[in-house]
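# Observations on the three-dimensional arrangement
Listed below are the residues making up each chain.
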Amino acid sequence: MKFIRKIGSDPVLLAILLLAAFLYGYGIWNDKYVNLYYTSAVGSMLQSWHNFFYASLDSAGSVTVDKPPVVFWIQTLFAWVLGLKGWSVILPQALAGVGSVLLIYLLVKPTFGKTAARIGALAMALTPVAAAVSRTNNIDAMLVFTLLLATWFLFRGTRSGKIGSLIAAFALIGVAFNEKMLQAYMVVPAFYLFYWLAYKINWKKKTGILAACTAVMLVISVSWAVIVDSIPASERPFIGSSTTNSVMKLAFGYNGVSRLTGDRGNGGAGGFPQGMNGEMPSWNGTVPGMNGGTGTGQDGTDGTSGASVNPNGNGTGAQGASPASGVQDGTSGASVNLNGNGAGTQGAGPAPGVQDGTSADDGRQGRGMAGQFPGNGTDDGGQRAFGQMGNDRGGMGGGGMFNTGTAGPLRLFQSELSGQASWLIPFILFGCIAIFANLRRRHFTQQHKEAIFWLAWLLPVAGFFSIAGFFHQYYLIMIGPPIAALAGAGYVKMRDLYRGHSGWLSWLLPAAVLATAAFQWYILHPYTATIGAGWSIGVLAAGIVLAAALAIPKIGGRPIARLVTAAGLLTLLIGPLYWSLTPIAYGLNSMTPAAGPDSREGMGGGMRDGMGMNAVAQAQGAPGGVAQDGAGTPDGANAQDGTGTPSGDVAGDSRSDGGQFGFDRNGGESVNESLVAYLKEHNTGEQYLFATMNYSTGGPYIIEGNKVVILNGFSGSDVVYTTDTLAALVKSGKVKYFYVSGGGMGGGREGNSSLTTWITENGTEIPASEWQGTGGTASGTLYEVTLN
């Protein structure tokens, strides 16, 4: 109660916390599946203690998710109490985000004062990537909260000398390891350095306590991994994305060193099937058919016209291929060509609406015209390399599939990443000069020590993301806390130096306002076509005016000086506020969350009109989709019999546009209630309703409370089932129906061909008319497999 009263005594803090709650929580009830991969796991974890302990992806405990279980345990508890809904699995992260704002306040206030604490809390609340990721069930918001809580115990322990607080600090890093593995250890250098600088005992005792704290951290870190790896593989799920069925390999491989090296051979590429290492997947020469439609083969077989996805050259279809039904001559071999011109079969003309890769007239320049990937429908003749940005920032960004820029020392300042968390970096650079200006050998204060701690958190993390080969934009929430804390502390120090007329140091505040406003103009300006020029020009103009006002030696009295200094700071928070509101205003891709006007598109400005399947269809001249017999279907629907159905028949996340993809934007299909009714009616005692290849197909059914077997993990690289183990599963009487969907984002490329072949060879296809329902079209094929 005393703690609550203390917080309540600061109305400004309460207002900041309410702002954070709004940014992180408003509208989360509209997200149906969120990140389907993780929500599916929560659904399965609700079904048994076995699944709960392992964080199993499916009901049968076949395979785990590719992260440790602690955050999913918390999400499952929330879902158990509140019911499994999108908002109930988001809520823990939203609360963690608000908690992080509060912790910044509590960490900064004792040393730098209430004003610095308020500014730090506000800067944390307005960190755009924090707003984006806290609105999802991704792990990072909880990870940052855990690390900040560990920091609070560290600061408390060094002040009070209580060893218990120090052990708790390092124990919480161990807990954080079981949230996202090696990413949690990014702050360990800062903890070691601060402990050594701030804990006032002799070096021998200091070394012993640090060794004990480290031992506790390591034991807690590997505890779950050691337990799981010690259990025979036949008695537990396969460890997803590990390739070797080992948690330790997952921790130090896919979730460790591979993030630095960019080697994604260990598992799925963080939201997409394996093989998408900055390029489109090969699909073994085939573009998968959607909603049961047959794929489009490069040789023209089993497809509509031999169209292909060619990421590096001029796309051509099969030589001499004939046009698809409903497609004009000269388009039958049309391809989605990521670097060059869209071409038809040999001797054929370009696909309709595509002229040498030039931009379309439908207002989507830079976002990709119909039949092109984002970035090719630009006014540069379509010659921009795949992964480069379109002019209006709508297309897929640089740095390959995940829009993380080009590795180098200035990566965090590149347009792909700067809008996520870098807005105040120039400001804190000037602030650090102010903080350390009075540093002397005999004048080494607590302020200096804490500033060093935040820098020791920021610099290694920023350095990692500057050179890392494989990460997502939302990982940048890791640099949010040190930037926020240093912004608050730095502002107060620069303000005091400015008021004290301390020579050249008094110029730090005007210079910081001007430099940061200029940098924020750089962030905002590329989005002029989307948000208008007023934002970028307004921030820059205000920054220039206020910096000039601050530069006037005698501004006319202290009240005006206070007003101008406060206005200078608030001006620099306009851009972060706008970006933090974009997930609410523009929508959000919950699988790969990012802030900005393109936040809904995924992958930080991802593919706007579907990822290839529709682009291929439209390049071939179909009016939005490809049917199995080659006829065009309206509104992006793909029907097995070639008849079109409206895209609205495919339900998805209520905020995520399922659109032409046939999936919701976060990776899942909708539940076919007629299919569920059929399977329940014909169930003869089997434990599982059906089995399917990937989580994007099976996940929604698990979330709705059905028991479903998922045969692949996140990607097709994990051998979860073989034909022998699958046959044993059928013979055991646990499952007899197999639902083979036409594709899916994530979960194994529909995927393990040997399993698919085994199912089709040993199963009997159930006519779609018996289970698809009235007025609908089949979105997959249902097989019944019975073995003697």
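No experiment lies behind these values; they were computed from the predicted model shown.

### Examining the overall build of the chain
- Scanning the chain from N- to C-terminus turns up 27 helices and 9 strands.
- By the burial criterion, 60% of the 788 residues in the chain qualify as buried.
- Within the chain, contacts between residues at least 6 apart in sequence are counted, and of these 66% link residues at least 24 apart.
- Accessible area of the chain: about 27900 Å², with a carbon and sulfur share of 59%.

### Notes on the confidence of the model for the chain
- Looking at the chain as a whole, its pLDDT mean stands at 78, while 71% of the residues score no less than 70.
- Segment residues 266-399: pLDDT under 50, and 361 contacts once partners within four positions in sequence are set aside and those in other chains are kept.
- Across residues 603-665 the pLDDT falls below 50, and counting only partners more than four positions away or on other chains, this stretch makes 195 contacts in the model.

### So, the packing of aromatic side chains
- Throughout the structure, instances matching the rule amount to 43 aromatic pairs.
- Summarising the aromatic geometry, the rings of Y37 and Y695 are spaced 5.0 Å apart at their centres and angled 55 degrees between planes, so their arrangement reads as tilted. Of this pair, Y37 sits in helix α3 (residues 36-45) while Y695 sits in helix α25 (residues 695-703), and the two are 658 residues apart along the sequence. We note that Y37, like Y695, is buried.
- Connected via pairs of aromatic rings, a cluster forms that spans F155, F170, F191, Y192, F194, F453, W454 and W457.

### Re the nonpolar core
- In this structure, Y24, L154, W454 and F465 are the most contacted members of the largest nonpolar core, which totals 112 residues.
- Of all the elements, helix α17 (residues 480-499) adds the most residues to this core, at 11 residues.
- Membership of the second largest hydrophobic core comes to 64 residues, among which are F238, L675, L689 and Y783.

### Here's the deal with helix α13 (residues 247-261)
- The end-to-end C-alpha separation of α13 is 19 Å, in line with the 21 Å expected for 15 residues at 1.5 Å each.
- Along α13, the largest kink reaches about 30 degrees and is centred on G253.
- Residues of α13 that are buried: V247, L250, A251, G253, Y254, N255, G256, S258 and R259.
- Lining the buried residues of α13 we find α10 (163-180), α12 (203-230) and α16 (446-467).

### Here's the deal with the sheet that holds strand β5 (residues 690-692)
- In space, the 5 strands of this open sheet follow the order β6-β5-β7-β9-β8, with mixed pairing throughout. Of all the strands in the sheet, just β6 (708-710) and β8 (763-766) have a single pairing partner and so form its edges. Looking at each pair of strands side by side, their axes are set apart by 30 degrees on average, direction ignored.

### Remarks on the side chain of S56
- Relative to the elements of secondary structure, S56 occurs in the loop between α4 (49-54) and α5 (70-82).
- Among the polar contacts made by the side chain of S56, one reaches the main-chain carbonyl oxygen of D58 at a distance of 2.9 Å.
- Excluding anything up to four places from it in sequence, S56 contacts A41, S44, M45, N51, G61, S62, V63, T64 and P237.

### A few points about the pairing of strand β9 (residues 780-785)
- With respect to burial, β9 is a largely interior element, 5 of its 6 residues being buried.
- Bridge count between strand β7 (residues 737-741) and β9: 5 bridges; the pairing is antiparallel. Counterpart to V740 in the pairing with β9 is T781.
- Summarising the sheet, β8 and β9 pair through 4 bridges and their orientation is antiparallel. For E765, the partnering residue across the bridge sits in β9 and is Y783.

### Quick look at the pattern of salt bridges
- Following the criterion strictly, the structure yields 6 salt bridges and no others.
- A salt bridge links R118 to D10, with the nearest nitrogen and oxygen atoms 2.9 Å apart. Placement of the pair is R118 in helix α7 (residues 114-125) and D10 in the loop between α1 (2-8) and α2 (11-25), with a sequence separation of 108 residues.
- A salt bridge links K736 to E784, with the nearest nitrogen and oxygen atoms 3.8 Å apart.

### Thoughts on the environment of D58
- Relative to the assigned elements, D58 resides in the loop between α4 and α5.
- Here the alpha-carbon distance between D58 and G713, two residues 655 residues apart in the chain, equals 9.2 Å.
- Contact partners of D58, with chain neighbours within four places excluded, come to S44, N51, V63, I702, V708, V709 and I710.
- Of note is the side chain of D58, whose polar atom sits 2.7 Å from the side chain of S62.

### Considerations on the packing of helix α18 (residues 508-524) against helix α20 (residues 534-551)
- One can describe the packing of α18 onto α20 by two numbers: an axis separation of 8 Å at closest approach and a directional angle of 170 degrees. Comparing the axis directions of α18 and α20 gives the class roughly antiparallel. Contacts between α18 and α20 involve L509, P510, V513, L514, A517, A518, Q520, W521 and L524 from the first element and W535, S536, I537, V539, L540, G543, I544, A547, L550 and A551 from the second.
- A class-by-class count of the residues in the contact of α18 with α20 yields 16 nonpolar, 3 polar and no charged.

### Side note on the side chain of S506
- The residue S506 is located in the loop between α17 and α18 in this model.
- Among the polar contacts listed, one links the side chain of S506 to the backbone oxygen of G503, at a separation of 2.6 Å.
- Ignoring any residue separated from it by four or fewer positions in sequence, one finds S506 in contact with L497, Y498 and H501.

### Some remarks on the environment of L149
- The topology assignment puts L149 in helix α9 (residues 140-160).
- The sequence separation of L149 and L103 amounts to 46 residues, and the corresponding C-alpha distance is 7.0 Å.
- With sequence-adjacent residues up to four places away left out, L149 is seen in contact with L103 and L172.

### Quick notes on a nonpolar patch on the surface
- A cluster of nonpolar side chains, F22, Y26, W29, L46, W80, V81, L82, W87, L577 and L581, forms an exposed patch at the surface whose accessible area comes to about 1000 Å².
- Of all the secondary structure elements, the ones that give two or more residues to the nonpolar patch are α5 and α22 (574-585).
- The biggest single contributor to the nonpolar patch is α5, with 3 residues.
- Relative to the assigned elements, F22 resides in helix α2.

### Thoughts on unusual backbone geometry
- Unusually for a residue other than glycine, V34 sits at a positive phi of about 55 degrees.
- With respect to the helices and strands, the residue V34 is situated in the loop between α2 and α3.

### Re the packing of helix α15 (residues 425-436) against α17
- Here α15 crosses α17 at 55 degrees, and the two axes come no closer than 8 Å. Accordingly, the angle class assigned to the pair α15 and α17 is oblique. When the axes of α15 and α17 are compared, the crossing they make is left-handed. Residues I425, F427, I428, F430, G431, C432, A434 and I435 of α15 lie in contact with α17, whose contacting residues are I483, L486, A487, A489, G490, Y491, K493, M494 and L497.

### Some words on the environment of Y195
- Mapping Y195 onto the fold places it in helix α11 (residues 188-198).
- Judged by relative accessible area, which is 0%, Y195 ranks as buried.
- Distance in space between the C-alpha atoms of Y195 and L154 is 7.5 Å, their sequence separation being 41 residues.
- Residues contacting Y195, with those up to four places away along its chain left out, are L154, T158, L166, K205, K206, I209 and L210.
- Of the polar contacts made by the side chain of Y195, one reaches the backbone oxygen of K206; its length is 2.6 Å.

What counts and how
Residues numbered from 1 in each chain as written. Predicted model: local features only at pLDDT ≥ 70, side-chain atom pairs only at ≥ 80, totals over all residues. Heavy atoms only, no water. Helix = DSSP H or I, 4+ residues; strand = E, 2+ residues; numbered from the N terminus. Buried < 20%, exposed > 50% of the residue type's maximum accessible area, 1.4 Å probe, protein only. Contact = heavy atoms within 4.5 Å. Areas by Shrake-Rupley, 256 points an atom, 1.4 Å probe, with all protein chains shown as cover. pLDDT = per-residue confidence, 0-100. Phe/Tyr/Trp six-rings, centres within 6.5 Å; stacked < 30°, edge-to-face > 60°. Core = buried A, V, L, I, M, F, W, Y, C linked by side-chain atoms within 4.5 Å. Expected span 1.5 Å × (residues − 1). Bend = angle between axes of the 7 residues up to and from the residue. Pairing = 2+ DSSP bridges. Axes fitted to C-alpha atoms, helices over the stretch in contact; angles between N-to-C directions. Polar contact = N/O pair within 3.5 Å; in protein donor to acceptor, adjacent residues only side chain to side chain. Salt bridge = Lys/Arg side-chain N within 4 Å of Asp/Glu carboxyl O. Parallel < 35°, antiparallel > 145°, perpendicular 65-115°, else oblique. Nonpolar A, V, L, I, M, F, W, Y, C, P; charged D, E, K, R; others polar. Patch = residues over 30% accessible without salt bridge, like charges linked within 9 Å, V, L, I, M, F, W, Y side chains within 5 Å. Left-handed = near helix turned anticlockwise from the far one by under 90°.

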